[in-house]
Amino acid sequence: MLYSVKLVACLVLASLAFSDLVSRRLPTRAVVIVAGLYCVAAALVPISAAAFLGHVGLAAAALAVAALLFRFGWIAGGDAKLAAAVFLWAGPSFAAPVFVIVSVCGLILGLAVIAADPLYRRVDALRWLSCLSRTRGVPYGIALALGGGAAVWAPLSHSASIV
């Protein structure tokens, strides 16, 4: 059952990444589903209340930091919500590796946006790259979804081993 929950979470994350690429929108309902699936997974695995609260606390901290980034206009509101859901899954034990994955993927996406902009304008065969237009911004939801996928498959707590 746990694997089914994790698989569904990854499918929702993939749909969020696609939505961000195509429309630069991260539907709140899908983000809430990702967070809710963590709660289901946590109920399926015997983790302590302290471990669960550690995950929730990290998610709250991620939301606070992401809200500040949103306030400065560096990320969109959907990215802030998705960051909280991703770090809910990661928890304190896997926050650093997930942060690195999100950061590196975000950097690669940013470079892809910079590189794609002149290409799709000059070469008709590369029109599909217009989804990476500079004017539309960087789809950080993709990076968050990739980090989220890693977080989903990490153990839910350091003491719980998931087979």
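Look above for the structure.
Summary of the structure given here. The structure displayed is predicted, hence computed values, not measured ones.

1. Quick notes on the layout of surface pockets
Working step 1: When its volume is computed, the largest pocket comes out at roughly 440 Å³.
Working step 2: Considering the residues around the largest pocket, the lining is formed by 16 residues, among which L69, A83, F99, V102 and L144 are closest to the centre.
Working step 3: Elements supplying a minimum of two residues to the lining of the largest pocket: α3 (49-71), α4 (77-122) and α5 (140-153).
Working step 4: Counting residues per element, the lining of the largest pocket draws most heavily on α4, which supplies 7 residues.
Working step 5: Residue composition of the lining of the largest pocket, grouped by class: 13 nonpolar, 2 polar and 1 charged.

2. Overview of the packing of aromatic side chains
Working step 1: Summed over all chains, the structure comprises 4 aromatic pairs.
Working step 2: For the pair Y38 and F52, a centre-to-centre distance of 5.9 Å together with 15° between the ring planes defines the contact as stacked. Of this pair, Y38 sits in helix α2 (residues 28-44) while F52 sits in helix α3; the two residues are 14 residues apart in sequence, bridging distant segments of the chain.
Working step 3: Residue classification places Y38 among the buried positions, given a relative accessible area of 0%.
Working step 4: Given the relative accessible area of 30%, F52 is considered partly exposed.
Working step 5: Where F72 meets W74, the ring centres are 5.2 Å apart and the plane angle is 35°; that geometry is what we call tilted. A single burial state applies to F72 and to W74, both of which are exposed.
Working step 6: Aromatic ring contacts, followed pair by pair, group Y38, F52 and W89 into a single cluster.

Rules used throughout
- Residues numbered from 1 in each chain as written.
- Predicted model: local features only at pLDDT ≥ 70, side-chain atom pairs only at ≥ 80, totals over all residues.
- Heavy atoms only, no water.
- 1 Å grid on protein atoms, 1.4 Å probe; cavity = no way out; pocket = protein on both sides within 12 Å on 5 of 7 lines; lining within 4 Å.
- Points joined across faces, edges and corners; volume = space filled by probe spheres on them.
- Helix = DSSP H or I, 4+ residues; strand = E, 2+ residues; numbered from the N terminus.
- Nonpolar A, V, L, I, M, F, W, Y, C, P; charged D, E, K, R; others polar.
- Phe/Tyr/Trp six-rings, centres within 6.5 Å; stacked < 30°, edge-to-face > 60°.
- Buried < 20%, exposed > 50% of the residue type's maximum accessible area, 1.4 Å probe, protein only.

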